[in-house]
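Read off the chains here:
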Amino acid sequence: MFYIFCPYCKEHREEEEFHARGQAHLMRPSDPDNTSDEEWGDYLFFRNNPRGIHHEMWVHSVGCRKFFNITRNTATYEILETYPMGEQPTITAATPDVRHEQGVQVADGGWQTVGARSENKALNEEASS
Amino acid sequence: MQRYSGFGLVKHALGHHENWERQWRNPEPKKRYDVIIVGGGGHGLATAYYLAKEFGVKNVAVVEKGWLGGGNTARNTTIVRSNYLWDEAGRLYNHSLDLWKGLSQDLNYNVMFSQRGVLNLGHTLQDMRDIQRRVHANRLNGIDSEVVTPGQIKEIEPQLDISSRARYPIMGASWQKSAGVARHDAVAWGYARGADALGVDLLQNTEVTGFKIRDGKILGVHTNRGDIEANTVGCVAAGNSGVLANMAGIKLPLESHPLQALVSEPLKPILNTVTMSNHVHGYISQSDKGDLVIGAGIDGYVGYGQRGSYPTIEHTLQAIVEMFPMFSRVRMNRQWGGIVDTCPDACPILSKTKVKGLYFNCGWGTGGFKATPGSGHVFAASLAKGEMHPIAAPFSIDRFHTGALIDEHGAAGVAH
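Chemist: In this structure, what is going on with the overall build of chain A? I would like to understand it.
Modeler: Helix and strand counts for chain A come out as two helices and eight strands. Going from N to C terminus, chain A has its helices and strands arranged as β-β-β-α-β-β-β-β-β-α. Each of the 129 residues in chain A was classed as buried or not, and the buried ones make up 37%. In chain A, of all internal contacts separated by at least 6 residues, the share reaching a separation of at least 24 is 44%. Looking at chain A as shown, the accessible area adds up to about 7700 Å², and 48% of this sits on carbon and sulfur atoms.

Below you can see the structure in the form of structure tokens.
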């Protein structure tokens, strides 16, 4: 369950009040008459879908009904910031100190990785015996 | 390979079942293969199996970062049906259904395919119009499908609430008799055992960390167990397809979402069929063990966490109680989330890419399990011949630029 800070209401509210609306900062082609099929297709259908830092648009649908953006880690589900439409994120995948490893936070606050990892040498050796 | 039979069961009972052969090897990666399949789930293993069995390509490796069938193959609601609206999708899923019918015999492995039928309920006039349209389209494509009235529904599934007291009264349904459910793990294991016996190397705990690409041609993959060469690589990685595509410098029109399912405590047999409703949005069947297997919608946001949110569980169970009020007191046992790669038109991508020799089979979204044999079969044919199989050809990635989408949101059963 997300606890999301709405940048307009200035309050943390529960996930159920919000709706995810997909990738943020999509720019509609500025010159529609001279836009190729390739560019239209990219604009309409192709998305970043990263495992890690992602910028996405949400709407506070049963609150102020305004759209805003969230920077969130799609592997850990950590919400890093929320900011109003028209503004740029202050945290991106290139920001230092952003957690990049895959995995999930477990109930006791620890960290658990998913799938085989290159450092799991012991596991691999065991499996190949 | 040790063949399984009733006689074998009796023979091994005498030895206290201690002498069964291992179902597959755990080999060291070779330096070079003819074909590498990235992803050891149902679709990947099926692809490897058909490559070796029907298309004579036996020097094949399946590279899996975790263990076999540990992703969505182990995390779905096991429904098999083919009542899709459009010709292209109907052909693909019906090809799959045809293969399901003989799969246990073909694999010499009991996949427990049970053709108990699927009901797709309609709760509004528009639902019923859509159902009639889909049923007619199905019949023109040779898929068994019929429209049933509430009275007939009551005979098929007596526990459904067809009264007018319901918040969304049931007005009718589409009924596909030949649809059903199968044992999900057995599908992966059966294909794995079959492929291994034909000489396919199943490489578990081997994570692809990059692709070796030169002059627009694929030369192999980098893994945490060294580099492996091949001139043909097929990626069948479901929710992680986007991550792989990124490594190869390709963009896919996919978004990965968590899709949750739940099972209840085991009950005595109470459901005859699979019941699905798009309108109240939930689907339910009963496993042979007795637990109710329940699913519904995806979480709306992109997520790779293999877990979903509580509001989605709540909506799911509301839908189930709307259809079957008597289940309101059933306790849920387990809940899980799989990562589904959803496509804008709710149809999969089986396609070549701009990198020569690199193929993707992905975007199955919320409905990949039913397609496991068919997807594996047509993808194997495409990899072996270097040309997309006629059934797979319409599912090319080009359709997102040409506009030839195959919109199956209505038949997909899960809104996204």
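Chemist: Just checking my understanding: could you explain the packing of helix 2 (residues 42-54) of chain B against helix 7 (residues 184-197) of chain B for this structure?
Modeler: Two quantities define a packed helix pair, namely the angle between the axes and the distance from one axis to the other. All names here are of chain B. The geometry of helix 2 relative to helix 7 is characterised by a closest axis approach of 8 Å and an angle of 30° between their N-to-C directions. On the basis of the axis angle, helix 2 is roughly parallel to helix 7. The chirality of how helix 2 crosses helix 7 is left-handed. Contacts between helix 2 and helix 7 pair Gly-42, Leu-45, Ala-46, Ala-48, Tyr-49 and Tyr-50 from the former with Ala-188, Tyr-191, Ala-192, Gly-194 and Ala-195 from the latter. Classifying every residue of the contact of helix 2 with helix 7 gives nine nonpolar, two polar and no charged.

Chemist: Looking at this structure, how should I read the packing of aromatic side chains?
Modeler: We describe a pair of aromatic rings using the distance from one ring centre to the other and the angle between the two ring planes. Here the structure, examined in full by the defined rule, presents 19 aromatic pairs over all chains. Relative to Phe400(B), the ring of Phe46(A) lies with its centre 6.3 Å away and its plane at 90°, an arrangement referred to as edge-to-face. With one member in each of two chains, Phe46(A) in the loop between helix 1 (37-45) and strand 4 (53-59) and Phe400(B) in helix 11 (residues 399-402) form a pair that bridges those chains. Taken as a pair, Phe46(A) and Phe400(B) share a single burial class, namely buried. Aromatic pair Tyr4(B) and Trp20(B): ring centres 5.7 Å apart, planes at 80°, arrangement edge-to-face. Of this pair, Tyr4(B) sits in the segment before helix 1 (6-14) while Trp20(B) sits in the loop between helix 1 and strand 1 (35-38), placing them 16 residues apart in sequence. The exposure class assigned to Trp20(B) is partly exposed, which follows from its relative accessible area of 32%. Members of the aromatic cluster, connected to one another through ring pairs, are Phe2(A), Trp58(A), Tyr77(A) and Tyr301(B). Above the plane of the ring of Tyr168(B) lies Arg167(B), whose end atom (NZ or CZ) is 4.5 Å from the centre.

Chemist: I would appreciate a short explanation of the interface of chain A and chain B in the present structure.
Modeler: One frequently used descriptor of interface size is the decrease in accessible area upon assembly of the parts. On the side of chain B, 34 residues touch chain A, which itself brings 35 residues to the contact. Linking chain A to chain B there are zero salt bridges. Counting the contacts that link chain A with chain B gives 11 residue pairs in polar contact (both at pLDDT 80 or more). Within the residue set of the side of chain A that touches chain B, elements represented by two or more residues are strand 3 (19-23), helix 1, strand 4 and helix 2 (121-127) of chain A. Per-element accounting of the side of chain A that touches chain B gives the leading share, five residues, to helix 1 of chain A. Within the side of chain A that touches chain B, the residues separate by chemical class into 14 nonpolar, 11 polar and 10 charged.

Definitions and cut-offs
- Residues numbered from 1 in each chain as written.
- Chains lettered and ligands numbered in written order.
- Predicted model: local features only at pLDDT ≥ 70, side-chain atom pairs only at ≥ 80, totals over all residues.
- Heavy atoms only, no water.
- Helix = DSSP H or I, 4+ residues; strand = E, 2+ residues; numbered from the N terminus.
- Buried < 20%, exposed > 50% of the residue type's maximum accessible area, 1.4 Å probe, protein only.
- Contact = heavy atoms within 4.5 Å.
- Areas by Shrake-Rupley, 256 points an atom, 1.4 Å probe, with all protein chains shown as cover.
- Axes fitted to C-alpha atoms, helices over the stretch in contact; angles between N-to-C directions.
- Parallel < 35°, antiparallel > 145°, perpendicular 65-115°, else oblique.
- Left-handed = near helix turned anticlockwise from the far one by under 90°.
- Nonpolar A, V, L, I, M, F, W, Y, C, P; charged D, E, K, R; others polar.
- Phe/Tyr/Trp six-rings, centres within 6.5 Å; stacked < 30°, edge-to-face > 60°.
- Lys NZ or Arg CZ within 6 Å of the ring centre and 35° of its normal.
- Salt bridge = Lys/Arg side-chain N within 4 Å of Asp/Glu carboxyl O.
- Polar contact = N/O pair within 3.5 Å; in protein donor to acceptor, adjacent residues only side chain to side chain.

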